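# Understanding the architecture of this molecule
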Amino acid sequence: MSAHIWILMHNTSNPYSFATWCRETLVEFTELNAEKQVFSGFLIAVLVTACIQLIEYTGGLPSVFEHLIYFPLIFAGLLLGPRIGALGGFVTGLMLTPMFFPTELNNHSEAIIDWPLRLLMLTLLPLITGLISRSVQQLHHLENKAKKTFHGTALPNHDALLEQINEWSKETAAPADALMDIINLRLKNIDKLRNQVGHQKADKIVAELARQLKEALGSSAEIGQTATNELVGLHANTEHSREELQEKLQALLRQPIVIDGNEFRLDTSAGVLRVKRENVKDNANVVIHDAHQHGYSAAENNQVFSFLDQDNDLVNDQDEPLSKQLLSAIENENIKLYYQPRLNTNSGYFSVLEAIVRWRDNQRGYLSPEDFKPLIEEASLAKQFTGWMIKTAFNDVSQWIKKDFIVRLSLHITLNDILEPAILNAVAKSLNQTKFPASSLSLEVSERSLVRINEQAKVYLKKLRSMGVTVIADQFGEGQLTLQSIFVLPVDAIKLSENLVLQATSNSDKKRTLISMIKMARSRGLKTIATGVDNRAKLLLLKHIGCDELQGSILSKPTAKDDIPWARIR
């Protein structure tokens, strides 16, 4: 990486400051060719000498200032290098010989003795400081390179690839819908080869594969290594179709790697994640993690090539269609989203709308998700159904925003008690597309999903929280989690189970437990929410013990989107 790029990346100061201007000017100077630098050094020497001549003609300086002449030359050596500094000092020394001064200003006996020593000092000082400066810069460069390269192969490492992704995401020249392919190559048998041929030769094999991959993708691609058995290729602004990319990679992986005349075959699988530039900005960590997970899945399933376009809409991912019964109910609008307001006990107004799915059955009336859950138990159906719910809710939100309504939305996203990374990704994309404030969105996740949350889902959940989304542990108190375990999970609020609230109204021990639970949650900064508030006794108890938000039929029933009481919402 050039000095110019390095400085720009690490410059956090005011871009209009004098220090920034000096740094940028210096960088531009160091990027000039050698002839221009030498000419600039010569000009510096002439200017220094001219100033000294002027001082001598006008009577000289006090002796304390005589040695100030060395400072500009020392700085020239530090900033411009030993050759330029030494040249400037040598020219200055020559121009300060007795022949350049009038005889009346010279003491000939002293001048003949002093000027060679001065010439030597003027040449050596900038030369030495320049050499020291160059050594420090080289050490810094080597240290920086070591931090950004993978030991053994010297390929860019995880941090360097993240920088590349971040730089690409901020490129103003590339359109927002420009695409990047993140290619994850899993080298399944590299450890076996390492034991057979040794570490050095194994590193050569990996480096040669990286070179061939770069050659196949084009000079604009960047190839790095994130683990001993993993190569990652970044191909920005790609225009390859899936078929073209698959053909290139499979042809590459079929070829043996030749090192010192010997052929080696790598058992390799390729996972490709395609992302849009607009979806990568400030999200590089999650994107490269997704690519890693996709590559890992491809290797686990023994796939030579696997392709995933992250921009595909979740609800259009028809690996398996929704059951005919559900699909028919959605098309006939028998399944709809209703919205139940949630009361803020501090303000006395409704503050949040929770999206609730209702299925109107001709014989059984309105059914909740619990009633028709057997139809969506299968993971792919639950994912698609939740995707439909997210899309519908954000469509409604977009309409309310246009009407200047104040909206805070809460969505339950674990119908099958599994926290799907694809669902969390769909939420993030919907926030981006609708420009809905993340701080106005709450996601309700079940206790069971938190108990078995995987690392990828945890990364997504933390990312959403960092954006401002509130995460609520739903049905808290059913016995799956304790408050102590909640404190270490990525949640911001707990939603008390209806059964826990019901018991507290009739049992003094349960009441004390509930009071203690709310106090402890509040002391740790967790908001408390109660649902199922369907009578006055529950309402008074929960308000008295300091529950933050209440929801139930005594306050408001689930309402169609056109009948929401906006006048009571703050």
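My aim in this report is to walk through the structure given alongside it, one point at a time. (Residues numbered from 1 in each chain as written. Predicted model: local features only at pLDDT ≥ 70, side-chain atom pairs only at ≥ 80, totals over all residues. Heavy atoms only, no water.)

### Quick notes on the overall build of the protein chain
When helices and strands are tallied, the protein chain shows 21 helices and 16 strands. Burial statistics for the protein chain: of 570 residues in total, 45% are counted as buried. Counting only contacts in the protein chain whose residues sit at least 6 apart along the sequence, the fraction spanning at least 24 positions is 70%. Counting every atom, the protein chain has about 30,200 Å² of accessible surface; 53% of that belongs to carbon and sulfur. (Helix = DSSP H or I, 4+ residues; strand = E, 2+ residues; numbered from the N terminus. Buried < 20%, exposed > 50% of the residue type's maximum accessible area, 1.4 Å probe, protein only. Contact = heavy atoms within 4.5 Å. Areas by Shrake-Rupley, 256 points an atom, 1.4 Å probe, with all protein chains shown as cover.)

### Focus: the environment of Thr434
When you line up the elements, Thr434 lands in helix H15 (residues 421-434). By relative accessible area, which is 22% here, Thr434 ends up partly exposed. In the structure, Thr434 is positioned 40 residues away from Phe394 in sequence and 7.3 Å away in space, judged by C-alpha atoms. Thr434 has contacts with Phe394 and Ser398, leaving out every residue within four places of it along the chain.

### A look at helix H10 (residues 242-254)
Along an α-helix, residues three or four apart share an orientation, since each turn contains 3.6 residues. Helix length check: H10, at 13 residues, gives a terminal C-alpha distance of 18 Å against a target of 18 Å (1.5 Å per residue), a fit within 8%. Turning to H10, the residues buried within the fold contact strand S1 (179-187), helix H9 (199-217), strand S6 (268-276) and strand S7 (305-309). (Expected span 1.5 Å × (residues − 1).)

### Brief notes about the pattern of salt bridges
This structure, assessed with the given rule, holds 18 salt bridges. Taking the shortest distance from any N to any O, the salt bridge between Asp492 and Arg465 comes out at 2.7 Å. A residue pair is termed long-range when its members are at least 10 positions apart, and Asp492 in the loop between helix H18 (483-486) and strand S14 (493-496) and Arg465 in helix H17 (residues 455-467) qualify at 27 residues. Note that Glu549 is salt-bridged to Lys527, the shortest N-O span being 3.5 Å. Residue Glu549 is found in strand S16 (residues 549-550), and its partner Lys527 is found in strand S15 (residues 527-530); the two are separated by 22 residues along the sequence. It is possible to trace a salt-bridge network through shared partners that takes in Arg342, Glu354, Glu444, Lys495, Lys527 and Glu549. (Salt bridge = Lys/Arg side-chain N within 4 Å of Asp/Glu carboxyl O.)

### Concerning the packing of H9 against H10
As a packed pair, H9 and H10 sit with axes 10 Å apart at the nearest point and diverge in direction by 150°. With respect to their mutual orientation, H9 and H10 come out roughly antiparallel. Once H9 is placed against H10, the crossing between them reads as right-handed. Of the residues in H10, those in contact with Leu209, Gln212, Leu213, Ala216 and Leu217 of H9 are Leu245, Lys248, Leu249 and Leu252. Of the residues that constitute the contact of H9 with H10, the class distribution is 7 nonpolar, 1 polar and 1 charged. (Axes fitted to C-alpha atoms, helices over the stretch in contact; angles between N-to-C directions. Parallel < 35°, antiparallel > 145°, perpendicular 65-115°, else oblique. Left-handed = near helix turned anticlockwise from the far one by under 90°. Nonpolar A, V, L, I, M, F, W, Y, C, P; charged D, E, K, R; others polar.)

### As for the sheet that holds S6
If you walk across this open sheet you meet the 5 strands as S2-S3-S1-S6-S7, and the pairing is mixed. Pairing within the sheet leaves two strands with one partner each, and these edge strands are strand S2 (222-227) and S7. Sheet twist, expressed as the mean angle between neighbouring strand axes with direction ignored, is 20°. Looking at chain direction, S1 and strand S3 (residues 230-236) are connected through 7 bridges and run antiparallel. (Pairing = 2+ DSSP bridges.)

### Here's the deal with helix H7 (residues 158-169)
Taking 1.5 Å per residue as the helical rise, H7 with its 12 residues ought to reach 16 Å, and the 17 Å between its terminal C-alpha atoms agrees with that figure. Within H7 the residues assigned to the buried category are Ala160, Leu161, Leu162, Glu163, Ile165, Trp168 and Ser169. Of the residues flanking the start of H7, the one acting as N-cap is Asn157, its side-chain oxygen 3.2 Å from the backbone nitrogen of Asp159. (Polar contact = N/O pair within 3.5 Å; in protein donor to acceptor, adjacent residues only side chain to side chain.)

### What about empty space enclosed by the protein?
In this structure the tally under the stated criterion is 1 cavity of 30 Å³ or more. Looking at the largest cavity, its volume works out to about 50 Å³. In terms of lining residues, the largest cavity is bounded by Leu209, Leu252, Leu253, Gln255, Ile257, Leu266 and Thr268. Broken down by class, the residue content of the lining of the largest cavity amounts to 5 nonpolar, 2 polar and no charged. (1 Å grid on protein atoms, 1.4 Å probe; cavity = no way out; pocket = protein on both sides within 12 Å on 5 of 7 lines; lining within 4 Å. Points joined across faces, edges and corners; volume = space filled by probe spheres on them.)

### A few points about the environment of Arg274
For Arg274, the position within the fold is in strand S6. Separated by 95 residues in the primary sequence, Arg274 and Leu179 place their C-alpha atoms 6.6 Å from one another. Among the polar contacts listed, one links the side chain of Arg274 to the backbone oxygen of His240, at a separation of 2.8 Å.

### Points about the nonpolar core
The biggest cluster of nonpolar side chains holds 76 residues, and the ones touching the most others in it are Phe385, Leu411, Leu441 and Leu496. Element by element, the count of residues in this core is highest for helix H14 (residues 379-402), at 8 residues. Residue contacts for Leu496: discarding those within four places in its chain leaves Phe476, Val501, Leu514, Met517, Ile518, Ile529, Ala530, Thr531 and Cys547. Membership of the second largest hydrophobic core comes to 28 residues, among which are Leu185, Ile257, Phe264 and Ala270. (Core = buried A, V, L, I, M, F, W, Y, C linked by side-chain atoms within 4.5 Å.)

### Some remarks on the packing of aromatic side chains
Each aromatic ring pair is summarised here by two numbers: the centre-to-centre distance and the angle between the ring planes. Applying the stated criterion across every chain, the model contains 6 aromatic pairs. When the ring of Tyr339 is compared with that of Trp400, the centres are 4.9 Å apart and the planes differ by 75°; the resulting orientation is edge-to-face. Taken together, the positions of Tyr339 in strand S8 (residues 335-344) and Trp400 in helix H14 put the pair 61 residues apart, joining distant regions of the chain. This pair shows no difference in class: Tyr339 is buried, exactly as Trp400 is. Between the aromatic rings of Trp400 and Trp566, the centroid separation amounts to 5.3 Å while the plane-to-plane angle is 70°, which identifies the pairing as edge-to-face. With a gap of 166 residues between them, Trp400 in helix H14 and Trp566 in the segment after S16 connect regions that are remote in the sequence. (Phe/Tyr/Trp six-rings, centres within 6.5 Å; stacked < 30°, edge-to-face > 60°.)

Just geometry here; none of it tells us what the structure is for.
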